[in-house]
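# Structural overview for review
One letter stands for each residue in the lines below.
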Amino acid sequence: MEEVRGGRMSRGRVTTVDVAREAGVSRATVSLALNGDPSAPVAAATRQLVIQVSKRLGYQPSAAARSLRGGKSKTILLLSSAASGSNARMATLVENLAVELAFQGFSLVWQLAIAGTARPVGELTPAAVLTAPTVDDLEFDVLASGFSVPVLPLLPGRDEYLSAVATAQVNHLLARGFTELVYAAPAELALSRISHLRSERLLHAARSAGARTPTTITWPAERSGGRAAVDELLALSSSRVGVCAFNDDVALAMLGALHDRNVPVPARVAVIGADNAGAGQFSVPALTSVDADLGDFVRETVVNLVSIIAGRGPSMVLRLPTTHQVIRRSST
């Protein structure tokens, strides 16, 4: 018999063969004893012995084995691009999704799909796969290929949801009397697609309101470059300027650079962010931001997903909300 050290077989992953050998029963008896079915033809004493041995050896059934045996995987796989996973808003959404799935007895596994790296096709046996891109994205086909289980977009209506942020920003600044508007774009190339969506919506919102055409400034990722960016910003107008930042990260970087240049906020420059990251409430001045409540969307997504996994089909038509609220703080 193989030596047992620290409760586990020393030669590697414990299998049903190891449990059967240690308990002195057949492998079939081990499978019957551990499958959770009380009606299985195994004596109570034998079942208890197998359970005790499996715990002592540290036996863990694989997801693939559970799926083949019962046809019911309890794992949901979420695939998203690295760009989708690089922001706090996405991380919060995934956390809330994991909590709602846990209430339904499912576990969520999130993997960032990075170009040139393998996806876990064949390595995991999920009940379903969620992808962050929508079905009209080129990424969707890449992420969705190879799976034999339902593959569904996590964020239907994503582009409209993301761009609607700019409308809320523009309307807020115009209502506060800022007629000179600027869009502060991120320097990261991975965010360029989302940034383009927001800049286009910002231009449309400004024109619809009869305001001047906003100017776009790419805000540097490093604080050391922020001073030059502030000089560029102030050169656009001698009057008050309202800045719609791509997100709270860019907005907070701007507040730091404006502080370095002793520019009064919001008397000279007002700044509004997006996504309502937690740090914004602690900045000086506190950052005004745009947010959307995704609680109902996440709950409905899980209800839909469970229904599809059970073979009942989607229970409702889902799209991300397009109504955003402004969290008013001192920066505007």
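Check the entry above for the structure.
The structure contained in this document is the topic of the report that follows.

Rules used in this analysis
Residues numbered from 1 in each chain as written. Predicted model: local features only at pLDDT ≥ 70, side-chain atom pairs only at ≥ 80, totals over all residues. Heavy atoms only, no water. Pairing = 2+ DSSP bridges. Helix = DSSP H or I, 4+ residues; strand = E, 2+ residues; numbered from the N terminus. Axes fitted to C-alpha atoms, helices over the stretch in contact; angles between N-to-C directions. Contact = heavy atoms within 4.5 Å. Parallel < 35°, antiparallel > 145°, perpendicular 65-115°, else oblique. Left-handed = near helix turned anticlockwise from the far one by under 90°. Nonpolar A, V, L, I, M, F, W, Y, C, P; charged D, E, K, R; others polar. Expected span 1.5 Å × (residues − 1). Buried < 20%, exposed > 50% of the residue type's maximum accessible area, 1.4 Å probe, protein only. Arc of directions from axis to C-beta.

## A short note on the sheet that holds strand 4 (residues 107-113)
In spatial order, the strands read 4-3-5-6; together these four strands make up an open sheet with parallel pairing. Two strands lie at the open edges of the sheet, namely strand 4 and strand 6 (151-153), each paired on one side alone. Going from strand to strand, the sheet's axes swing by 25° on average, the running direction of each strand aside. Relative to strand 6, strand 5 (residues 128-131) runs parallel, the two sharing three bridges. Across the sheet, the residue bridging to Val-129 is Val-151, located in strand 6. In the packing of helix 5 (residues 88-103) onto the sheet, the strands contacted are strand 3 (75-81), strand 4 and strand 5, and the crossing angle to strand 4 comes to about 155°. Here helix 11 (residues 295-309) sits on the sheet in contact with strand 3, strand 5 and strand 6, set at roughly 145° to strand 5.

## Structural notes on the sheet that holds strand 7 (residues 180-186)
Pairing within the open sheet is parallel, and its four strands lie in the order 8-7-9-10. The sheet is open, and its two edges are formed by strand 8 (215-219) and strand 10 (269-272), each paired on a single side. Looking at each pair of strands side by side, their axes are set apart by 30° on average, direction ignored. Sheet strands touched by helix 8 (residues 192-208): strand 7 and strand 9 (241-245). Its angle to strand 7, the strand with the most contacts, is close to 170°.

## As for the packing of helix 1 (residues 16-23) against helix 3 (residues 44-57)
Orientation of helix 1 relative to helix 3, taken along the N-to-C sense of each, is 120°, at an axis distance of 9 Å. Relative to helix 3, helix 1 is oriented oblique. Seen along the crossing, helix 1 lies across helix 3 with a hand that is right-handed. Contacts between helix 1 and helix 3 pair Asp-18, Val-19, Glu-22 and Ala-23 from the former with Leu-49, Val-50, Val-53, Ser-54, Arg-56 and Leu-57 from the latter. Its residues assigned to classes, the contact of helix 1 with helix 3 comprises six nonpolar, one polar and three charged.

## Some remarks on helix 5
Given a rise of 1.5 Å per residue, 16 residues ought to cover 22 Å, and the 23 Å separating the end C-alpha atoms of helix 5 matches this to within 8%. Three or more residues of helix 5 are buried, namely Arg-89, Met-90, Leu-93, Val-94, Leu-97, Glu-100 and Leu-101. End-on view of helix 5: buried residues confined to an arc of 130°, all on one side of the axis. Opposite the buried face of helix 5, by more than 90 degrees, sit the exposed residues Glu-95 and Phe-103. Lining the buried residues of helix 5 we find strand 3, strand 4, strand 5, helix 7 (158-175), strand 11 (289-291) and helix 11. Of the residues trailing helix 5, Gly-105 is marked for its positive phi of about 85°.

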